[in-house]
Amino acid sequence: MSSTSSPVTTASQPPSAQSGGSKNTPRLRTRRKHTPGRPKRSVLLTVLTGLIMLYTVVPLVWLVISATKTQDGLATSSGLWFSHKFALWENIHDTFTYHDGIFVRWLLNTLLYVVLGAGGATLLAILGGYALAKFNFPGKRAVFAVVIGAVAVPGTALAVPTFLMFSKMGLTDTPWAVIIPSLVSPFGLYLMWVFATEAIPTELMEAARIDGAGEIRTFFQVAMPLLAPGTVTVLLFTTVATWNNYFLPLIMLKDPNWYPLTLGLDAWNSQAQTIGGDVIFNLVITGSLLTIVPLIAAFLLLQKYWQSGLAAGSVKE
Amino acid sequence: MTTLQPPAGVARRPDRPPKRDRRSWTGWGFIGPFAVVFAFVFLAPIAYSIYLSLFRDKLIGGTSFVGLDNYKQALQDDQFWSSLERVSLFLLIQVPIMLGIALLVALALDSGRLYGRNFFRISIFLPYAVPAVVATLMWGFMYGTRFGLVGDINSAFDVTLPDPLSADLVLASIGNIVTWEFVGYNMLIFYSALRVIPSSLYEAAEIDGAGQIRIISAIKLPAIRGALVIATIFSIIGSFQLFNEPSILRPLARNAITTDYTPNFYTYSLSFNGQQHNYSAAVAIIMGLITMVIAYVVQLRGMRKGA
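Residues numbered from 1 in each chain as written. Chains lettered and ligands numbered in written order. Predicted model: local features only at pLDDT ≥ 70, side-chain atom pairs only at ≥ 80, totals over all residues. Heavy atoms only, no water.

Peer 1: Explanation requested: the overall build of chain A in the structure shown.
Peer 2: Counting its regular elements, chain A contains 15 helices and 0 strands. The buried share of chain A, reckoned over its 317 residues, is 58%. Considering only contacts in chain A between residues 6 or more positions apart, those separated by 24 or more positions represent 73%. Total accessible area on chain A stands at roughly 13,200 Å², and carbon and sulfur atoms take up 67% of it. (Helix = DSSP H or I, 4+ residues; strand = E, 2+ residues; numbered from the N terminus. Buried < 20%, exposed > 50% of the residue type's maximum accessible area, 1.4 Å probe, protein only. Contact = heavy atoms within 4.5 Å. Areas by Shrake-Rupley, 256 points an atom, 1.4 Å probe, with all protein chains shown as cover.)

Peer 1: Please explain the overall build of chain B as it appears in this structure.
Peer 2: The secondary structure content of chain B amounts to 13 helices and 2 strands. Against the globule reference of 19 Å for 307 residues, chain B gives a C-alpha radius of gyration of 26 Å, more extended than a compact globule. A principal-axis box enclosing the C-alpha atoms of chain B has dimensions of 75 × 65 × 35 Å. For chain B, the share of sequence-separated contacts (at least 6 apart) that also reach a separation of at least 24 residues comes to 64%. In the form shown here, chain B has an accessible surface area of approximately 13,900 Å², with 63% of it arising from carbon and sulfur atoms. Across chain B, the 24 positively charged side chains and the 18 negatively charged ones have centroids separated by 14 Å. (Rg over C-alpha atoms; globule rule 2.2 N^0.38 Å. Lys, Arg positive; Asp, Glu negative; His and termini not counted. Charge placed at Lys NZ, Arg CZ, Asp CG, Glu CD.)

Peer 1: Please clarify how the confidence of the model for chain A should be interpreted in this entry.
Peer 2: Any residue range with low pLDDT should be treated as having predicted coordinates unsuitable for detailed reading. The predicted model of chain A has a mean per-residue pLDDT of 83, with 83% of residues at 70 or higher. Within the model, the stretch residues 1-35 of chain A combines pLDDT values under 50 with 74 contacts to residues more than four positions away or in other chains. (pLDDT = per-residue confidence, 0-100.)

Peer 1: Sorry, what's going on with the pairing of strand 1 (residues 55-58) of chain B here?
Peer 2: Looking along a regular strand, one sees the side chains alternate between the two faces of the sheet. Residues and elements named next belong to chain B. Relative to strand 2 (residues 62-65), strand 1 runs antiparallel, the two being bridged by 4 bridges. By the bridge assignment, Arg-56 is partnered in strand 2 with Ser-64. Counting the residues between successive antiparallel strands, the hairpin from strand 1 to strand 2 contains 3 residues, one of them, Gly-61, with a positive phi of roughly 95°. (Pairing = 2+ DSSP bridges.)

Peer 1: I would appreciate a short explanation of the pattern of salt bridges in the present structure.
Peer 2: Oppositely charged side chains can pair when the atoms bearing their charge come close. Residues and elements named next belong to chain A. Considering all chains together, one arrives at 6 salt bridges over all chains under this definition. For the salt bridge of Arg-209 with Glu-215, the shortest nitrogen-to-oxygen distance reads 3.0 Å. Pair check on accessibility: Arg-209 and Glu-215 agree, each one buried. Where salt bridges share partners, they join Glu-206, Arg-209 and Glu-215 into one cluster. (Salt bridge = Lys/Arg side-chain N within 4 Å of Asp/Glu carboxyl O.)

Peer 1: Hey, could you run me through the packing of helix 2 (residues 43-66) of chain A against helix 3 (residues 78-110) of chain B in this one?
Peer 2: Between two packed helices, both the angle of their axes relative to each other and the distance between the axes serve to describe the pair. It is the contact of helix 2 of chain A with helix 3 of chain B, at a shortest axis distance of 11 Å, that shows an interaxial angle of 140°. Classified by the angle between their axes, helix 2 of chain A and helix 3 of chain B sit oblique to one another. Judged by the twist between their axes, the crossing of helix 2 of chain A over helix 3 of chain B is left-handed. Between helix 2 of chain A and helix 3 of chain B, the contacting residues are Leu-45, Thr-49 and Ile-52 of chain A on the first element and Ile-101, Val-105 and Ala-108 of chain B on the second. Split by residue class, the contact of helix 2 of chain A with helix 3 of chain B holds 5 nonpolar, 1 polar and no charged. (Axes fitted to C-alpha atoms, helices over the stretch in contact; angles between N-to-C directions. Parallel < 35°, antiparallel > 145°, perpendicular 65-115°, else oblique. Left-handed = near helix turned anticlockwise from the far one by under 90°. Nonpolar A, V, L, I, M, F, W, Y, C, P; charged D, E, K, R; others polar.)

Peer 1: Honestly, the side chain of Asn-244 of chain A in this entry has me stumped. Any pointers?
Peer 2: Within the secondary structure, Asn-244 of chain A sits in the loop between helix 11 (228-243) and helix 12 (247-252). Among the residues examined, Asn-244 of chain A registers a relative accessible area of 13% and is labelled buried. Those residues in contact with Asn-244 of chain A, other than ones at most four positions away along the chain, are Thr-262 and Leu-295 of chain A together with Tyr-128, Ala-129, Val-130 and Pro-131 of chain B.

Peer 1: Any chance you could explain unusual backbone geometry here in plain terms?
Peer 2: Outside of glycine, negative phi angles account for most residues, and trans bonds account for most peptide bonds. Even without being a glycine, His-99 of chain A presents a positive backbone phi close to 55°. Residue classification places His-99 of chain A among the exposed residues on the basis of a relative accessible area of 55%.

Peer 1: Would you take a moment to explain helix 1 (residues 26-53) of chain B for this structure?
Peer 2: Structural remark: α-helix, 3.6 residues per turn; residues separated by three or four positions point the same way. With 28 residues, helix 1 of chain B extends 39 Å between its outermost C-alpha atoms, agreeing within 8% with the 40 Å of an ideal straight helix rising 1.5 Å per residue. At Gly-32 of chain B, helix 1 of chain B is deflected by roughly 50°, the largest bend along its length, and proline Pro-33 of chain B occurs up to four residues later in sequence. (Expected span 1.5 Å × (residues − 1). Bend = angle between axes of the 7 residues up to and from the residue.)

Peer 1: What is the right way to read the nonpolar core from this model?
Peer 2: Counting 179 residues, the largest nonpolar core has Trp-268 and Phe-299 of chain A together with Phe-125, Met-187 and Phe-190 of chain B as its most contacted members. Of the residues forming this core, the biggest block, 16 residues, is contributed by helix 4 (residues 88-134) of chain A. One finds Val-229, Ile-233, Ile-237 and Ala-295 of chain B within the second-largest nonpolar core, a separate group that totals 5 residues. (Core = buried A, V, L, I, M, F, W, Y, C linked by side-chain atoms within 4.5 Å.)

Peer 1: Can you help me understand the interface of chain A and chain B in this one?
Peer 2: It is common to report an interface's size as the accessible area lost on association of the parts. Residue-level contacts link 116 residues of chain A with 110 residues of chain B. Summing both partners gives a buried area of about 10,700 Å² for chain A against chain B, and 73% of it is carried by carbon and sulfur. Across the contact surface, chain A and chain B share 0 salt bridges. Linking chain A to chain B there are 11 residue pairs in polar contact (both at pLDDT 80 or more). A total of 14 residues in the side of chain A that touches chain B trace back to one element, the largest contributor, which is helix 2 of chain A. Along the lines of polarity and charge, the residues of the side of chain A that touches chain B split into 72 nonpolar, 32 polar and 12 charged. (Buried area = accessible area lost by both parts, 1.4 Å probe. Polar contact = N/O pair within 3.5 Å; in protein donor to acceptor, adjacent residues only side chain to side chain.)

Peer 1: What's the story with the side chain of Ser-111 of chain B in this structure? I'm lost.
Peer 2: Within the element layout of this structure, Ser-111 of chain B appears in the loop between helix 3 and helix 4 (117-125). Of the polar contacts made by the side chain of Ser-111 of chain B, one reaches the backbone nitrogen of Arg-113 of chain B; its length is 3.2 Å. In contact with Ser-111 of chain B, not counting residues within four places along its chain, are Pro-39 and Leu-45 of chain A together with Lys-220 of chain B.

Peer 1: When you look at the environment of Gly-112 of chain B in this model, what are you seeing that I'm missing?
Peer 2: Within the secondary structure, Gly-112 of chain B is located in the loop between helix 3 and helix 4. Relative accessible area serves as the criterion here: at 23%, Gly-112 of chain B is assigned to the partly exposed category. Each C-alpha atom, one on Gly-112 of chain B and one on Ser-271 of chain B, is 52 Å from the other, the two residues being 159 residues apart in sequence. In contact with Gly-112 of chain B, other than residues within four places in its own chain, are Pro-39 and Arg-41 of chain A.

Peer 1: When you look at a nonpolar patch on the surface in this model, what are you seeing that I'm missing?
Peer 2: Residues and elements named next belong to chain A. Among the surface-exposed residues, Leu-44, Leu-48, Leu-51 and Leu-54 lie close enough to one another that they form a single nonpolar patch of about 400 Å² accessible area. Tracing the chain through its elements places Leu-48 in helix 2. Residue Leu-48 is classed as partly exposed on the basis of its relative accessible area, which comes to 45%. (Patch = residues over 30% accessible without salt bridge, like charges linked within 9 Å, V, L, I, M, F, W, Y side chains within 5 Å.)

Peer 1: Sorry if this is basic, but what is going on with the environment of Leu-91 of chain B here?
Peer 2: All names here are of chain B. Residue placement: Leu-91 occurs in helix 3. Residue Leu-91 is classed as buried on the basis of its relative accessible area of 13%. For the pair formed by Leu-91 and Ala-135, sequence separation is 44 residues and the distance between their alpha carbons is 19 Å. Leave out the neighbours within four places in its chain, and Leu-91 touches Pro-96, Ser-235, Ile-236, Ser-239 and Phe-240.

Peer 1: Sorry, what's going on with the packing of aromatic side chains here?
Peer 2: Given two aromatic rings, their pairing is described by the distance between the two centres and the angle made by the two planes. All chains considered together, the criterion is met by 43 aromatic pairs over all chains. When the centroid spacing of 5.6 Å and the interplanar angle of 20° are considered together, the rings of Phe-166 of chain A and Phe-40 of chain B count as stacked. One end of the pair, Phe-166 of chain A, is in helix 6 (residues 155-168); the other, Phe-40 of chain B, is in helix 1, on a second chain. The class of Phe-166 of chain A is buried, set by a relative accessible area of 0%. With 4.8 Å between their ring centres and 15° between their planes, Phe-38 of chain B and Phe-42 of chain B make a pair best called stacked. (Phe/Tyr/Trp six-rings, centres within 6.5 Å; stacked < 30°, edge-to-face > 60°.)

Here is the structure:
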C-alpha cells in the first residue's frame, strides 16, 4: 500500500476475512502442511513461552485461590496456596448479600449497560460498516476521515466537556450517561467495514434487488446472515469495553445504585482504606472473580469466531 | 434503482459493478444512526471543549472571555509538565517492553515449534478480559506485604524486597500492571497479521537457503509492519491517557501517587475537585494535540521506513 493518509491503509496484505470465520484456522493449518521441512517442535521455545504464560496466569490463579479465603485467611496464609478454611461459597454468599445485595444491583446495571450500550454499538457499527462497504454516497470519504481522526482524540479531551454537556441536559447520574457514549465504537465500525467488504458479494445484492427486494429487506435477508462472524467479534469487543468501563461511569455517576461492577468494587476497596470503614477485602476479591468469570467464559466459548474476525481487522488496520 | 441502468450491451466499464458508479443517498440511511450519535458524543464535546477553554470563571464578574490565556497558563504549569514527563518516561520504557514480549510470543506461536500452541495463545490473551479495576486491585493486593506475593517471597527467601508501592517504584509497578493487561492483546494482533503471510514467501526463502532469523527479519517483520505501527500508536495513546491504574492504586500508595500524577489525572482533578473546568479543558486539548502529533509522526515514520 502506498497511501499513508490514514492508519487503515497501512496493511501490506489484502484482508483474509472469509465469510465463514471458523474456516480460518483449518485453512491456515493446511498451509503449514505444504511447507517444505515442517518445523520441529522445540522444548526450549515452549519453556520460554511458558514463562510468559506463567506471568499472565499466576495472578489469575492468585485471584481464584484468594477468593476461597476468609478475611483472616488472607492475612495469614501464603498467596498461592489455600488456607486451612475453604470459604469460597461463604464469600460468594456474602458478596451477593452484603449491604442489601448491592452487588446484584451492580451486576444488573452492568448487564443493562452491556445490552443497550454494546448491543447498540454493534448494531450501529453493522449498519455503518455495511454503508461504507457497499454504497457510494456523498460525503463518504469525509465520514471515514472524521471517524478515523476521532479515534486519535484522547478520552481525556472528551470526558470533561461530555460531562458538562450531559450535566446541562440532566443526563448525568442516569444510565443514559453511560449508555449513550458507549454506542459509538469507531473500531467496531472499522472492523465491520472491512468485514462487509469481503463477506457480501455485490452481485448477491444486485440479484436481490432485481428480484424486487427493497434496501431494508436486502440488508436483513442477504447481508445480515453473511455478517454473522464479524458481528460476534464486534459484539464481544464492545461488550468487553462496556463491561470494563470505569472512567466514564466514574465521572457520570454519583448514585451508587447506578454503579456498574467496576465502580462498585472500587468503592468497596476504598471503603476498607478509610478510617472506621468496614474492611471487606475478601468480598472485594470474590467480587472481582465474579466480575471476570462471565467475560472469560464468553471469550473461551466464542474463540473461533472472534479470532477470525480479529484477523480480518488486524490485517488491514 | 435498477431502471436507471443502461440496457445490456451498452458500453460501460465492465470491471466495476454498476451500483458503484452512481452515488446515491441510500448509504446515508445506513450510516445515519452512527453519524448522529457520533456527532453527539465525539464532535459536540470537542467543539464545546474548545469553546470552554477560551473562557475563565472569575470570582467577580462571572465567566469572561480570556482568549488563549488558559493555554499560556498551561504551558507554564509545572504540574502539567511534570505529569507529562512522567507519562513520557512510562511510554519510553513500558511500551517497548510490552510490545517486545508480545512480538516474541507471536513469533514463537507462528513458528509452529511450540507444544500446545492454542493453549498458550488463549492463556496469554486472558488478562485482556479482566477489567482495569480488577487487574489493579489484584496487583495492588499482590504488591502488598500483608496478603501479597511480595510478602510471600520475602518470608520464603528471607529477603526484603523493595516496596513496589513506594514513591520510587510505583511507576514501574503501574507499568507492570499495564503490561500484564495488554501483552496478550498485542500478541494477538501481531499473531493474526503473521498468519496471513502467504506461505509461498516462506517456500521461496527456504529454497534460497534463508534461516529462521533471516525469514523473520526479511519477511515476517516487514509484512506485519502495519500491525506494529497500529499497536505502537494505540500504546502511545494509552500511555498518555493513563488514569485508571494510578487512580485505583492511589488508596494504597497515597504519598507516591499524587492527584496530578498523569495529565489525565490532573485534568480530572482540576475539573472534579477544583471546579476549574475551563483550565482543565485547555490542558486536555493540549494533551490531545500532543498525542495526535506523536501518533501521526509515528505512523508516517513507521510506514515510510523501508517501504
